[in-house]
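Close look at the chain arrangement
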Amino acid sequence: MEAAVEIDRLVKVFKPQLRGRELLAVDQVSITIAPGEVYGLIGPNGSGKSTTMKALLGLVAPTSGTCRIFGADSLAVDSREQVGFLPENPYFYKHLTGEETLAFYGKLCGLRGQTLKDRIGELLELVDLTGARDRRLGGYSKGMLQRIGLAQALIQEPRLVILDEPTAGVDPIGSRQIRDLIFALRERGITVFLCSHLLEQVQEVCDRVGIIFRGKMVREGRLEDLLSIEDQTEVVLKDASPELLEEIQRLVAQAEGAEWVRSGRPRTTLERLFLRETSRRPD
Ligand SMILES: Nc1ncnc2c1ncn2[C@@H]1O[C@H](COP(=O)(O)OP(=O)(O)OP(=O)(O)O)[C@@H](O)[C@H]1O
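Thresholds applied
Residues numbered from 1 in each chain as written. Predicted model: local features only at pLDDT ≥ 70, side-chain atom pairs only at ≥ 80, totals over all residues. Axes fitted to C-alpha atoms, helices over the stretch in contact; angles between N-to-C directions. Helix = DSSP H or I, 4+ residues; strand = E, 2+ residues; numbered from the N terminus. Parallel < 35°, antiparallel > 145°, perpendicular 65-115°, else oblique. Left-handed = near helix turned anticlockwise from the far one by under 90°. Contact = placed C-beta atoms within 7 Å. Nonpolar A, V, L, I, M, F, W, Y, C, P; charged D, E, K, R; others polar. Near = placed C-beta within 6 Å. pLDDT = per-residue confidence, 0-100. Pairing = 2+ DSSP bridges. Buried ≥ 20, exposed ≤ 12 C-beta atoms within 10 Å, placed from the backbone. Expected span 1.5 Å × (residues − 1). UniProt positions renumbered as here; feature names shortened; annotations may be inferred. Domains from an automatic or database assignment.

**Some thoughts on the packing of helix H2 (residues 98-108) against helix H4 (residues 142-153)**
In the contact formed by H2 and H4, the axes pass within 9 Å of each other and the chain directions differ by 30°. With respect to their mutual orientation, H2 and H4 come out roughly parallel. When you trace H2 past H4, the crossing you get is right-handed. Side by side, H2 and H4 meet where Gly 98, Thr 101, Leu 102 and Tyr 105 of the first sit next to Ile 148, Ala 151 and Gln 152 of the second.

As structure tokens, then:
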């Protein structure tokens, strides 16, 4: 099966504008993403995530290496026909309404008439902005702006969506909505390539993750494989009495090779606690 994304030994060196040193932003990075997969590229600020994405989109010319989208070289204009892109800081015309914004981008993609109208209606529904379709973007919250940005990226029914920090500056509830949207894209079989430096967001939505640091890919794999601690087993008990715990501990002490590491209450993440507490409260 043809890969949705194939980045092969990508190198990007930025030349200094006047004096100064060359900057190796991406160093021999290779990424392959299968159709329908949700892939997350994570790494600290300045590690080369956006540059990798821009090279894939043909917005940055590789110093060496190649990028392909469904087999087409990223430097060829037609490779972009299948791609939707949400940049890190999307710029929108604040005086346009949500609906006008999508109409603007839809027309740029060649959509017209009823097809365009239907597509706009469908996308506003998908990103939960039907009620705000006639409001100007100047009055949208950051989360709403990201969602209209996502709708814009989907206007031409792409097979691949590239999202650069889709939840940057968005509160946990807004982030949850964007995450749910990514799940919805996966259900539709759309390939998603996203980057973030927020690990928890990536953890929930991605099938596979790459960790990039100082331009180099340092780890890559399926999330379960990356996160499992190979030599440990987790048992979660409900309403366990202290006596039962003692009994188990005694059994473990008798067992050859096994070691009791810890017991205690499992913790939720701060993000989950925040979402649980705030979703209970009326506005
Ligand atoms: N057009 C450019 N000219 C010169 N240097 C650049 C350019 N674009 C990016 N860089 C540099 O390349 C390095 C990688 O930047 P990049 O934006 O790819 O990182 P990132 O991982 O996306 O960071 P962030 O999480 O902050 O968005 C940084 O040191 C950045 O300053």
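**A short note on the packing of H2 against helix H3 (residues 113-126)**
Packed helix pairs are characterised by how far apart their axes lie and by the angle those axes make with each other. Running from N to C, H2 and H3 cross one another at 130°; their axes reach a closest spacing of 10 Å. As summarised for this structure, H2 and H3 are arranged oblique, according to the angle between their axes. Of the two possible hands of crossing, H2 and H3 adopt the one that is right-handed. Contacts between H2 and H3 involve Gly 98, Glu 99, Leu 102, Ala 103, Gly 106 and Lys 107 from the former and Leu 116, Arg 119, Ile 120, Leu 123 and Leu 124 from the latter. Partitioned by chemical class, the residues of the contact of H2 with H3 number 6 nonpolar, 2 polar and 3 charged.

**Examining the site of the ligand**
Neighbouring residues of the ligand: 13 residues in total, closest Phe 14, Ala 25, Asn 45, Ser 50 and Thr 51. Secondary structure elements with two or more residues in the shell around the ligand: strand S2 (23-33) and helix H1 (49-56). With 3 residues, H1 is the largest single contributor of residues to the shell around the ligand. Class assignment for the residues of the shell around the ligand results in 3 nonpolar, 8 polar and 2 charged.

**Observations regarding the confidence of the model for the protein**
This prediction gives the protein a mean pLDDT of 90; 94% of its residues lie at or above 70. For this predicted complex, the interface confidence score (ipTM) comes to 0.97, while the overall pTM stands at 0.84.

**Remarks on the sheet that holds strand S1 (residues 5-14)**
Read from one edge to the other, the open sheet built from 4 strands follows the order S2-S1-S4-S5, with strand pairing classed as antiparallel. Looking along the sheet, the strands with just one partner apiece sit at the ends: S2 and strand S5 (72-73). Of the strand pairs in this sheet, strand S4 (residues 64-69) and S5 are connected by 2 bridges, and their pairing is antiparallel. Residue Ile 69 lies in a different strand from S5, and its bridge partner there is Ala 72. Across the sheet, H1 is in contact with S1, S2 and S4; its angle to S1 comes to roughly 120°.

**So, the sheet that holds strand S10 (residues 216-222)**
If you trace the 6 strands from one edge of the open sheet to the other, you get S6-S7-S8-S3-S9-S10, paired in mixed fashion. The open sheet is flanked by strand S6 (83-86) and S10, the only strands paired with a single partner. Geometrically, the sheet is characterised by an average inter-axis angle of 15° between neighbouring strands, direction not taken into account. Taken together, the 6 bridges between strand S9 (residues 208-213) and S10 define a ladder with antiparallel strand orientation. Bridge pairing in S10 places Ile 212 opposite Met 217. In this fold H1 packs onto strand S3 (38-42), strand S7 (160-164), strand S8 (191-196) and S9, with an angle of close to 150° to the strand it touches most, S7.

**Examining unusual backbone geometry**
Its identity as a non-glycine residue notwithstanding, Gln 28 has a phi of 60°, on the positive side. Looking at the secondary structure, you find Gln 28 in strand S2. Since 14 C-beta atoms lie within 10 Å of it, Gln 28 is described here as partly exposed. Backbone geometry at Phe 70 places phi at a positive 45°, although glycine is not the residue there. Given 17 C-beta atoms within 10 Å, Phe 70 falls into the partly exposed group.

**Some words on H3**
Given a rise of 1.5 Å per residue, 14 residues ought to cover 20 Å, and the 20 Å separating the end C-alpha atoms of H3 matches this to within 8%. Where H3 is buried, its residues meet H2 and H4. Asp 128 lies just past H3 and shows a positive phi near 60°.

**Section: the UniProt feature "domain: ABC transporter" (unreviewed entry) in the protein**
Cross-referencing UniProt, the feature "domain: ABC transporter" (unreviewed entry) maps to residues 5-239 in the present numbering. For the annotated span residues 5-239, helix accounts for 31% and strand for 26% of the residues, and the straight-line distance between the end C-alpha atoms is 48 Å.

**Thoughts on the domain arrangement of the protein**
Assigned domains of the protein: these are domain 1 (5-227) and domain 2 (242-280). The straight-line distance from the C-alpha centre of domain 1 to that of domain 2 is 38 Å.

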